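# Fold and geometry: a report
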Amino acid sequence: MVDQRLQEQLAVVYKEMESLKHEQVVMKQKQEALSQALPYCSQKPIDTDVEMNLTSLQTGSSHLPYTLTQGEDGVEGSGEVDSGADLDPCFHYTVLDQAWRATNYSTKNVACDNRVQWKGWYRLFYRGKTIQMPERCVRKEMCGTHAPLWLVGGHPRVRDGVVTRKVCGNWRDNCCLFKSPPIQVKACRGNYYVYKFVKPVACHLAYCADINTLVCGKCKKSESCVSRDKITWLCKKNPMRVKANIHFFATYPANISGKVNKIVYRKVYVNQGGAFDSRSGIFRAPVSGVYQFFFSTQTGGSGQTNLWLVVNNYWVAMSHSNVQGSNSVGNLSTYMTTLRKGATVYVTHNSGRSWANSASNTIAFGGSLLMVRKI
């Protein structure tokens, strides 16, 4: 007998605790609505007091009617949600906070918004935090329903006022198999939206709340909102963009004969970025990206000459010249490639005799960074 009475008392205490938790959630929603509404109400002078009338949340309901009313001739507003055209829906809406509407919520108890008696404007919340409808196709069996409803055409800007948007439901691999009746949407100051929902065409369809907007809305300017599965989203720091101007041009002002492992170009005309080392003849990539190089040779009379471009110790391109008699013929070769930071590039003289003097610039080596690229 004592145990039974104790269990009954515990049940009463538990029920009171649950009721208290529920009231705390409601008060948090009220405070957020008030904090976002008041700064913009104060922008226009009014003769009468502005009063927030917040109707109490009914037990078991996730709808919180919220109305900002201004009395006329000293008479306060009724506090009821009025969908009339003379009232700004940004301050006259019903809070819709149902976790099962989230885009990451798979179907358990299938919901159908066709059975809801929609009236006036609504603002979407997720566990007390403001959220918005998805602007892209949502996988079927998400948002606590079979065919999730998403907004076609994107959300408006504040200056657009009230706009009409199409609504689609995804089913049978068709993002818009169900073309639900259009709804009205308005962007509000304070970075939130209100929607004038209507009954969808059939069951089971339900309006979605895009869980991604909770995360993406917090990303910094230096971050991007990214996802692998288009369900779980993260703020990721943007890769650092390096503004680099890398150019160099150098020549060898004398003849070269036989094998020379690295040509040390003595005259350096341009070395923007300082990536070319005139003491070793080696270019070292300062950043990862796409580069273009050129190198040239000229035969000094009868015979041939071969120059090779060497990238990270691999011979990748050749500048070849061959002539008979006393004529002199030159050749210019180009090579484009992607390099990681720290990659080395130089020119080797493999065979023959290359001709040049201090004014000819016929034995030359140069290059440029075309684009910084993460490799």
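Residues numbered from 1 in each chain as written. Predicted model: local features only at pLDDT ≥ 70, side-chain atom pairs only at ≥ 80, totals over all residues. Heavy atoms only, no water.

## Observations concerning the state of the cysteines
By definition, a disulfide links the sulfur atoms of two cysteines through a covalent bond. Quick reminder of the rule: Disulfide assignment relies on a single distance test, namely cysteine sulfur atoms paired within 2.5 Å. In this description a helix means any DSSP run of H or I spanning at least four residues, a strand means any run of E spanning at least two, and both kinds are numbered starting from the N terminus. Residue exposure (1.4 Å probe, protein chains only): buried if accessible area is under 20% of the type maximum, exposed if over 50%, otherwise partly exposed.
Following the criterion strictly, the structure yields five disulfides and no others. Between the sulfur of Cys143 and that of Cys208 lies a disulfide, 2.0 Å long from S to S. Between Cys143 and Cys208, the S-S dihedral sits near 120°, and the bridge is therefore right-handed. Of this pair, Cys143 sits in the loop between strand 5 (129–130) and strand 6 (147–152) while Cys208 sits in the loop between strand 10 (205–207) and helix 2 (212–216), and the two are 65 residues apart along the sequence. The class for Cys208 is buried, based on a relative accessible area of 0%.

## So, the pairing of strand 4 (residues 122–126)
Put simply, the rule is: Think of it this way: DSSP has to see at least two bridges between two strands before they count as a pair.
The buried fraction of strand 4 amounts to five of the five residues, a majority that puts the element mostly inside the structure. Judged by which residues are buried, strand 4 turns out to be covered on both faces: Tyr122, Leu124 and Tyr126 on one side and Arg123 and Phe125 on the other are all buried. Note that strand 4 and strand 5 share two bridges and pair antiparallel. Within strand 5, the residue paired with Tyr126 across the bridge is Lys129. Hairpin connection from strand 4 to strand 5: two residues lie between these consecutive antiparallel strands, with Arg127 at a positive phi of about 50°.

## Details of the pattern of salt bridges
This is how the line gets drawn: We define a salt bridge as a contact between a side-chain nitrogen of Lys or Arg and a carboxyl oxygen of Asp or Glu at a distance within 4 Å.
Enumeration over the complete set of coordinates arrives at four salt bridges. The closest approach of N and O atoms between Asp88 and Lys186, which form a salt bridge, is 2.8 Å. Highlighted residues: Asp88 in the loop between strand 2 (63–70) and strand 3 (92–97) and Lys186 in strand 8 (residues 174–188), separated in sequence by 98 residues. With a relative accessible area of 15%, Lys186 lands in the buried category. Linking Asp160 and Arg157 is a salt bridge whose minimum nitrogen-to-oxygen distance equals 3.3 Å. We classify Asp160 as partly exposed; its relative accessible area is 31%.

## Quick word on the environment of Leu205
As a reminder of what qualifies: Whether two residues are in contact is decided by their heavy atoms: any pair within 4.5 Å suffices.
Mapped onto the elements, Leu205 comes out in strand 10. Expressed as a C-alpha distance, the spacing of Leu205 and Phe178, which sit 27 residues apart in the sequence, is 8.6 Å. Leave out the neighbours within four places in its chain, and Leu205 touches Ala111, Cys112, Asp113, Asn114, Thr145, Ala147, Leu149, Phe178 and Pro200.

## Things to note about the pairing of strand 18 (residues 289–298)
For strand 18, the tally of buried residues reaches eight of 10 residues, placing the bulk of the element in the interior. Sheet topology places strand 18 next to strand 21 (residues 330–339); 10 bridges connect them, and they run antiparallel. When the sheet's bridge partners are listed, Tyr291 is paired in strand 21 with Thr337. Relative to strand 23 (residues 364–372), strand 18 runs antiparallel, the two sharing seven bridges. Its bridge partner lying in strand 23, Phe294 is registered against Gly366.

## Examining the sheet that holds strand 15 (residues 267–272)
For the record, the criterion: To obtain each axis, a line is fitted to C-alpha atoms, and for helices this fit is confined to the stretch in contact; angles are then taken between N-to-C directions over 0 to 180 degrees.
Taken together, the five strands give an open sheet; going across it, the order is 15-13-23-18-21, and neighbouring strands pair in antiparallel fashion. Each edge of the open sheet carries a strand with a single partner, namely strand 15 and strand 21. For this sheet, the mean angle separating the axes of adjacent strands, direction not counted, is 10°.

## Side note on the side chain of Asp210
Relative to the helices and strands, Asp210 is located in the loop between strand 10 and helix 2. With near-sequence residues (within four places) excluded, Asp210 lies in contact with Thr103, Ile131, Gln132, Met133 and Pro134.

## Section: the environment of Ile282
Assignment of secondary structure puts Ile282 in strand 17 (residues 282–284). Residues Ile282 and Val264, 18 residues apart in the sequence, show an inter-C-alpha distance of 8.0 Å. Look past the residues within four positions of Ile282 in its chain and what remains in contact with it is Lys262, Ala275, Phe276, Asp277, Thr344, Val345 and Tyr346.

## So, the packing of aromatic side chains
The geometry of an aromatic ring pair is captured by two quantities: the separation of the ring centres and the angle between the planes. Our working definition: Any two of the Phe, Tyr and Trp rings considered here, Trp counted by its six-membered ring, make a pair once their centres fall within 6.5 Å; the pair's planes then place it as stacked at under 30 degrees, edge-to-face at over 60, or tilted in between.
All chains considered together, the criterion is met by 20 aromatic pairs. Ring geometry for Phe248 and Phe365: centres 5.0 Å apart, planes at 80°, overall edge-to-face. With Phe248 in strand 13 (residues 247–251) and Phe365 in strand 23, this residue pair connects regions lying 117 residues apart in the sequence. We note that Phe248, like Phe365, is buried. Members of the aromatic cluster, joined through ring pairs, are Phe248, Tyr265, Phe276, Phe283, Tyr291, Phe293 and Phe365.

## Some details on the nonpolar core
Using the following cut-off: Joining through side-chain atoms within 4.5 Å is the link that ties buried Ala, Val, Leu, Ile, Met, Phe, Trp, Tyr and Cys residues into a set, and such a set is a nonpolar core.
Core analysis: the biggest nonpolar cluster contains 27 residues, and Tyr265, Phe283, Phe293, Leu309 and Phe365 have the highest contact counts within it. Going through the elements one at a time, strand 13, strand 18, strand 19 (303–311), strand 22 (344–354) and strand 23 are the ones with two or more residues in this core. Dropping the residues within four chain positions of it, Phe283 is found in contact with Ile246, Phe248, Ala275, Phe276, Tyr291, Phe293, Ala343, Thr344 and Val345.

## A look at the side chain of Ser319
Here is the rule we go by: Here a polar contact is taken to be a pair of N or O atoms separated by no more than 3.5 Å, where protein atoms must pair a possible hydrogen donor with a possible acceptor and residues adjacent in sequence count only if both atoms sit in side chains.
For Ser319, the location among the structural elements is in strand 20 (residues 314–323). For Ser319, a relative accessible area of 0% puts it in the buried group. Of the polar contacts made by the side chain of Ser319, one reaches the side chain of Asn331; its length is 3.1 Å. Setting aside residues up to four positions removed in sequence, Ser319 forms contacts with Phe295, Ser296, Thr297, Thr305, Asn306, Leu307, Asn331, Leu332 and Ser333.

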